[in-house]
Amino acid sequence: MADNVKPRVRVPKTASKDEVITIKTLISHQMESGQRKDKDGKVIPRSIINRMTVEFNGQSVLDMTLEPAISTNPYVEFQAKVPESGEFKFTWYDDDGSVYEDVQKIEVA
Amino acid sequence: MNSRRRTMLVAGAAGIALAGLPLRVLAQAAAPAAQPEMTADQWVAEFAGGAEVTDGDGVTLTAPEIAENGNTVPISVDAPGATEILLVASGNPVPGVAKFTFGPLAGNQAVSTRVRLAKTQDVMAIAKFTDGKVVRAKSNVKVTIGGCGG
Amino acid sequence: MTKAIRSLGALGISLALTLPALAETAPTETPDIVIDGGAVTLPTFADAPAHLEGALGDKIYSGWVFRDAETRAMQEDDFANPSMAFVDQGIEAWNTVDGTEGKSCASCHNEIESMKGVRAVMPKVNAAGELWSMENYINDCRTNRMGAEAWKWSSQPMENMTLAISLQSRGMPVDVAIDGPAKPFWEKGKEIYYTRYGQLELSCANCHQQNYGQMIRADHLSQGQTNGFPVFRINGAGTVSLHERFSGCIRDTRAEPFEQGSQEFRDLELYVASRGNGLPVEGASVRH
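Residues numbered from 1 in each chain as written. Chains lettered and ligands numbered in written order. Predicted model: local features only at pLDDT ≥ 70, side-chain atom pairs only at ≥ 80, totals over all residues. Heavy atoms only, no water.

Check the secondary structure of chain C and you find 10 helices and 11 strands. Relative to the compact-globule value of 19 Å for 288 residues, chain C shows a C-alpha radius of gyration of 19 Å, a close match. Seen through its principal axes, chain C has C-alpha atoms that stretch 65 × 45 × 40 Å. The burial tally for chain C puts 55% of its 288 residues in the buried class. Relative to all contacts within chain C whose residues are 6 or more apart in sequence, the contacts with residues 24 or more apart total 69%. Total accessible area computed for chain C in this model is approximately 12100 Å², and 54% of it derives from carbon and sulfur atoms. (Helix = DSSP H or I, 4+ residues; strand = E, 2+ residues; numbered from the N terminus. Rg over C-alpha atoms; globule rule 2.2 N^0.38 Å. Buried < 20%, exposed > 50% of the residue type's maximum accessible area, 1.4 Å probe, protein only. Contact = heavy atoms within 4.5 Å. Areas by Shrake-Rupley, 256 points an atom, 1.4 Å probe, with all protein chains shown as cover.)

All names here are of chain C. Relative orientation of the contacting elements helix 7 (residues 183–193) and helix 10 (residues 263–275) amounts to 90°, with a least axis distance of 7 Å. The orientation of helix 7 with respect to helix 10, classified from their angle, is roughly perpendicular. Contact residues: Phe185, Trp186, Lys188, Gly189, Lys190, Ile192 and Tyr193 in helix 7; Gln263, Glu264, Asp267, Leu268, Leu270, Tyr271, Val272, Ser274 and Arg275 in helix 10. (Axes fitted to C-alpha atoms, helices over the stretch in contact; angles between N-to-C directions. Parallel < 35°, antiparallel > 145°, perpendicular 65-115°, else oblique.)

Looking now at the sheet that holds strand 11 (residues 286–287) of chain C. All names here are of chain C. Read from one edge to the other, the open sheet built from 3 strands follows the order 10-9-11, with strand pairing classed as mixed. Strands at the two margins of the open sheet, each flanked by one partner only, are strand 10 (238–240) and strand 11. Pairing analysis gives 2 bridges linking strand 9 (residues 231–233) to strand 11, with the strands arranged parallel. Across the sheet, residue Phe232 finds its bridge partner in strand 11, namely Val286. (Pairing = 2+ DSSP bridges.)

Moving on, we get to the domain arrangement of chain C. Residue and element names in this part refer to chain C. Once the domains are mapped, chain C shows domain 1 (33–78 + 173–287) and domain 2 (83–167). Computed from C-alpha coordinates alone, the two centres of domain 1 and domain 2 are separated by 22 Å. Facing 32 residues of domain 1, the contacting portion of domain 2 comprises 25 residues. Summed over the shared surface of domain 1 and domain 2, the result is 0 salt bridges. Counting every contact that joins domain 1 to domain 2 gives 12 residue pairs in polar contact (both at pLDDT 80 or more). Listing elements by their share of the side of domain 1 that touches domain 2, those giving two or more residues are strand 9, strand 10, helix 9 (242–252) and helix 10. (Domains from an automatic or database assignment. Salt bridge = Lys/Arg side-chain N within 4 Å of Asp/Glu carboxyl O. Polar contact = N/O pair within 3.5 Å; in protein donor to acceptor, adjacent residues only side chain to side chain.)

With that settled, the discussion passes to the UniProt feature "binding site: heme c 1" (unreviewed entry) in chain C. All names here are of chain C. Sequence positions flagged by UniProt for "binding site: heme c 1" (unreviewed entry) are, in local numbering, Cys105, Cys108, His109 and Cys141. In sequence the annotated residues extend across 37 residues, while in space they remain close, none of their C-alpha pairs exceeding 10.6 Å. Looking at where Cys108 falls in the secondary structure, it is placed in helix 4 (residues 105–109). Residues in contact with Cys108, not counting those within four places in the same chain, are Lys103 and Arg145. Along the chain, the position of His109 falls in helix 4. Residue His109 is classed as partly exposed on the basis of its relative accessible area of 25%. (UniProt positions renumbered as here; feature names shortened; annotations may be inferred.)

Facing 33 residues of chain B, the contacting portion of chain A comprises 33 residues. The three residues of chain B that bury the most area against chain A are B:Leu105, B:Arg114 and B:Arg116, which together make up 29% of that side's buried surface. Summed over the shared surface of chain B and chain A, the number is 0 salt bridges. The interface formed by chain B and chain A holds 18 residue pairs in polar contact (both at pLDDT 80 or more) in total. Counting residues per element, the side of chain B that touches chain A draws most heavily on strand 7 (residues 106–115) of chain B, at 9 residues. (Buried area = accessible area lost by both parts, 1.4 Å probe.)

Turning our eyes to something else, we now look at the UniProt feature "active site" (unreviewed entry) in chain C. In the numbering used here, UniProt assigns the "active site" (unreviewed entry) feature to C:Cys249. Its relative accessible area of 28% is what places C:Cys249 among the partly exposed residues.

On to helix 5 (residues 134–146) of chain C, then. Every α-helix winds through 3.6 residues per turn, so residues three or four apart in the chain are directed the same way. Residue and element names in this part refer to chain C. For helix 5, with 13 residues, the first-to-last C-alpha span of 17 Å sits near the 18 Å given by 1.5 Å per residue. Taken as a whole, helix 5 has its buried residues at Met134, Glu135, Asn136, Ile138, Asn139, Cys141, Arg142 and Met146. Next to the buried residues of helix 5 lie helix 4, strand 6 (131–132), helix 6 (156–167) and helix 10. One or two residues past the end of helix 5 sits Gly147, with phi positive at roughly 70°. (Expected span 1.5 Å × (residues − 1).)

Time to look at the side chain of A:Ser98. Take A:Ser98: it is sitting in the loop between strand 7 (86–94) and strand 8 (99–108). Polar contacts involving the side chain of A:Ser98 include one to the side chain of A:Asp96, which spans 2.7 Å.

A few words on the nonpolar core. Membership of the largest hydrophobic core comes to 58 residues, with the highest contact counts inside it found for A:Leu62, A:Phe78 and A:Phe88. Sequence-distant contacts of A:Phe78, defined by excluding residues within four places in its chain, comprise A:Ile21, A:Thr22, A:Ile23, A:Thr25, A:Met52, A:Val54, A:Val61, A:Leu62, A:Phe90, B:Ala110 and B:Val111. Counting 39 residues, the second-largest nonpolar core is a separate cluster that includes C:Val65, C:Val176, C:Phe246 and C:Ala273. (Core = buried A, V, L, I, M, F, W, Y, C linked by side-chain atoms within 4.5 Å.)

A separate point is helix 3 (residues 83–94) of chain C. Over its 12 residues, helix 3 of chain C extends 17 Å from the first C-alpha to the last, a length consistent with the 16 Å expected when each residue adds 1.5 Å. In this fold, the buried residues of helix 3 of chain C make contact with strand 1 (6–10) and strand 3 (19–28) of chain A together with helix 4, helix 6, strand 9 and strand 10 of chain C.

With that settled, consider the packing of aromatic side chains. Counted according to the given criterion, the structure contains 13 aromatic pairs over all chains. Consider the rings of C:Phe66 and C:Tyr212, whose centres lie 6.4 Å apart with planes at 90°: the pair is edge-to-face. Linking C:Phe66 in the loop between strand 4 (59–61) and helix 2 (69–75) with C:Tyr212 in the loop between helix 8 (204–208) and strand 7 (215–216), this pair joins segments that are 146 residues apart in sequence. The exposure class of C:Phe66 is buried, given its relative accessible area of 2%. Residue classification places C:Tyr212 among the buried positions, given a relative accessible area of 3%. The ring of A:Tyr75 carries B:Arg114 above its face, with NZ or CZ at 4.3 Å from the centroid. (Phe/Tyr/Trp six-rings, centres within 6.5 Å; stacked < 30°, edge-to-face > 60°. Lys NZ or Arg CZ within 6 Å of the ring centre and 35° of its normal.)

As a further point, take empty space enclosed by the protein. Residues and elements named next belong to chain C. Per the stated rule, a full pass over the model turns up 5 cavities of 30 Å³ or more. Of the voids in this model, the largest cavity is the one considered here, and its volume is about 170 Å³. Lining the largest cavity are 15 residues, and of these Arg119, Glu135, Phe229, Leu242 and Glu269 sit closest to its centre. Counting only elements with at least two residues in the lining of the largest cavity, the list comes to helix 5, helix 6, helix 9 and helix 10. Among the residues forming the lining of the largest cavity, the class breakdown is 7 nonpolar, 5 polar and 3 charged. (1 Å grid on protein atoms, 1.4 Å probe; cavity = no way out; pocket = protein on both sides within 12 Å on 5 of 7 lines; lining within 4 Å. Points joined across faces, edges and corners; volume = space filled by probe spheres on them. Nonpolar A, V, L, I, M, F, W, Y, C, P; charged D, E, K, R; others polar.)

The structure is reproduced here in structure tokens:
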């Protein structure tokens, strides 16, 4: 597992039925591109977050494939429709096999 | 003594120029890839899956005209009704940037993220729609090279 | 080849010769930094402190106003601000027990909010009469109270902590003491500020006093104010301490920089901070 990987997610706590809400996600990660060399001239191997998925109560909101051109600490902002109370589940997949998750509840009034 | 000092000055100048480059050695020293990287056109063709790619309405790409630093360039794309969007940086060593697949609970088909651009280049967003259409938007981003490596 | 070498050498010389001309350009607009739609609003200019005697004109400016719209916007959203991930890690460390004494920072200082005001007066003269930066205070606690290892000056754990502590003072005006016991340190820092270093023979003042607002290649020179430190720099996609930044500047003059944490850099830190007395602490800022 890469060092200091930490997901951050901002989801509103409440929404009205079928409201479209804004979600922001950021995961602290080096996103080593595989294009850089170290001091001895050796290529530093690629090590990135290569996929992020967002689901609400098991249904897909967004499935994103990331390439090395995504900046350090990948930041993504998008919108989701909220049909009912429930849980957003965020999953990030690391090149090294690690999987990071975050869950956020939202209440539909 | 004199010529040695001049040589050092040149080396120093090169050092400063390098330090200012986004992704540092990226352009000159791309890794000896195990397999040749796909070109930007190949990324687009693979995504389109045989469909004709048209430049036109339906996709809005928002990118700065000039990026203060190529390491973190904010990019937004909006393609109402699209099922998938591919972002491509034609001048990067790996031109593919990201692919977004929207699910049934997507609030719309718009996303913002931050990308690395190795040099001044065209950024493209290609969107696939349910009727089979594939539409492309382009935006040129000038990447400046900073003065102070810090 | 010989020709190229000559012309480059000449460029260096002409740079050094042309810089002393007074060419500062005041920013044409100074909007507030409006964070999270107004939850926090930070002014980007203040009246120049009296001790400057007009060296920077009437006003002093945050480095934020010298940056592009995209870089500015990143600091106006506490979520999008990449520094905040490091602030989170600093707060976590604040509450984590480390060392032989079984203590965390919170064991003695309670919530990190108790650090409000600290960043605004750093560096300052301690009880023993030494000029200390926040890093010195942190390591003093770690080694003497916690029985933990000192952190390296610009290591990530140290920058996480200085960031988290700085954020508690966000919006408070910088107010470092320059008189009394601080005076000799301040005088020394001032001397360093105006001394030309390196093969390019550049002082801090050559760029940040005489030429702020001008372009140095593609970079927009600021007044070199320190109220935003530690900063997240897009350039290296990471956090940067003030001494790291000093070190980079001096290296760019093609000189051998002072050690980070050295007496010289702490003196310089005090002097440069005093040039920004009145600007708000920006806590976790974003620069390029």
